[in-house]
Amino acid sequence: MTARVIDGKAFAEKVRGQVAEGVAALKAEHGITPGLAVVLVGEDPASQVYVRNKGRQTLEAGMQSFEHKLDVTTSEEDLLALVEQLNADPAVHGILVQLPLPDHIDSDKVINSIDPAKDVDGFHISNVGLLGTGQKSMVPCTPLGCLMMLREELGSLSGKDAVVIGRSNIVGKPMAQLLLGDSCTVTIAHSRTKDLAGTVRRADIVVAAVGRPNMVPGDWIKPGATVIDVGINRVDAPEKGEGKTRLVGDVDYASAAEVAGAITPVPGGVGPMTIACLLANTLTACCRANNLPEPQGLTA
Ligand code: NDP
């Protein structure tokens, strides 16, 4: 069997198109423009690229983009004051504080100071609790993107055996909650899991969010399973020339694609969906703030 490739780039484009349509309708019918504020502290190169991409795609979707780039020496107090200001700003419907923050700032304190209704990353403790109890919440972007791809690929997820490898607060745990919400039977695996191979072999759905290059080989995959590879790992690529690198996932793509029914590539799978879902969450937050119907198909 050769797996169908789940094209995250194309799917993200479709989601961005839906968001842009929703934004255009909000403007035309209600005179409202959704706004996303992104706060970056310091000059981490990867974070700078993310923030730039987020800003560009926010504008392309027709939203307002507010970028706040703060010096690495910014105090926690000043950052909290900025969040407070953004919480109170009616033009801002979504707030994202780019992680990681410098060591002298308590990330949890900052994240939990964001108005939960504007917490488009879905990391605020209130949103975590709402998701965990099956209530309407803001859902973390990467797991939301994975859920959208799974629904698109499989239709109903009800009754499927799913394994999520990784139990982080930003990917693994919320992913498991979303799959449970769609009535999967969910196993969460982690570094202490005893029989990971056997656990993965039983799964109709495998979501790998570990951060270890190619750790899931094809012979762990149940024939026909749907594989979502969240991992982004940079490895040496001598075939591209000396000192060159390339990105690979947590799943050994070549061998897994021989067995799986469908699989996301890295790059071009989950990655592009994350920002698309950030835009979707901002539109959702704006609709909720204005007591308007939420966009269809863009939330959990
Ligand atoms: P974390 O490092 O926070 O979590 C990794 C998880 O993997 C932990 O729960 C850890 O278990 C588990 N783990 C580590 N080693 C093993 C092992 N040998 N067997 C089973 N489980 C193991 O990572 P994140 O969740 O933040 O990210 C995971 C990956 O996803 C990374 O590659 C990251 O770059 C990528 N990512 C991609 C995004 C995208 O947009 N596509 C967005 C976010 C992340 P334990 O808890 O026991 O230590």
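To be clear, the structure that these remarks concern was listed above.
The structure reproduced in this document is the subject of the present report. Since this is a predicted model, take the numbers as computed values, not measurements.

On to the pattern of salt bridges. Under the definition given, this model contains 10 salt bridges. A salt bridge links K136 to E294; the shortest N-O distance between them is 3.0 Å. Here K136, found in the loop between α5 (125–132) and α6 (141–154), pairs with E294, found in the segment after α10 (270–289); they are 158 residues apart in sequence, far enough to count as distant. Between D182 and R151 there is a salt bridge, and its shortest N-O distance comes to 2.8 Å. With D182 in the loop between α7 (172–181) and β6 (185–189) and R151 in helix α6, this residue pair connects regions lying 31 residues apart in the sequence.

Another aspect to go through is the sheet that holds strand β11 (residues 262–263). Strand order in the open sheet formed by 6 strands is β1-β11-β8-β7-β5-β6, and the pairing between neighbours is parallel. Looking at the sheet topology across the chains shown, the edges are occupied by β1 (4–5) and β6. Packing against the sheet, α6 makes contact with β1, β7 (205–208), β8 (226–229) and β11, and its axis sits at approximately 160° to β8.

Below, the discussion takes up the packing of α6 against α7. Packed helices, taken two at a time, are described by the angle between their axes plus the distance between the axes. Interhelical geometry of α6 versus α7 gives an angle of 35° and a closest axis separation of 9 Å. Like other packed secondary-structure pairs, α6 and α7 cross with a definite hand, here right-handed. Contacts from P143, L144, C146, L147 and L150 of α6 reach α7 at P174, M175, L178 and L179. When its residues are assigned to classes, the contact of α6 with α7 shows 9 nonpolar, no polar and no charged.

A few words now on the site of the ligand. Near the ligand, the surroundings consist of 22 residues, among which R167, S168, S191, I232 and T274 are the closest. Within the side chain of R167, an N or O atom sits 2.7 Å from an oxygen atom of the ligand. Contact between the ligand and I232: an oxygen atom at 3.1 Å from a main-chain N or O atom of the residue. Protein coverage of the free-state accessible area of the ligand, which is 930 Å², stands at 69%. Broken down by element, the residue count for the shell around the ligand peaks at 3 residues, all from α10. Residues belonging to the shell around the ligand are distributed by class as follows: 10 nonpolar, 10 polar and 2 charged.

Rules behind the numbers
- Residues numbered from 1 in each chain as written.
- Predicted model: local features only at pLDDT ≥ 70, side-chain atom pairs only at ≥ 80, totals over all residues.
- Heavy atoms only, no water.
- Salt bridge = Lys/Arg side-chain N within 4 Å of Asp/Glu carboxyl O.
- Helix = DSSP H or I, 4+ residues; strand = E, 2+ residues; numbered from the N terminus.
- Pairing = 2+ DSSP bridges.
- Contact = heavy atoms within 4.5 Å.
- Axes fitted to C-alpha atoms, helices over the stretch in contact; angles between N-to-C directions.
- Left-handed = near helix turned anticlockwise from the far one by under 90°.
- Nonpolar A, V, L, I, M, F, W, Y, C, P; charged D, E, K, R; others polar.
- Near = heavy atom within 4 Å.
- Polar contact = N/O pair within 3.5 Å; in protein donor to acceptor, adjacent residues only side chain to side chain.
- Areas by Shrake-Rupley, 256 points an atom, 1.4 Å probe, with all protein chains shown as cover.

The analysis is restricted to geometry; functional conclusions fall outside its scope.
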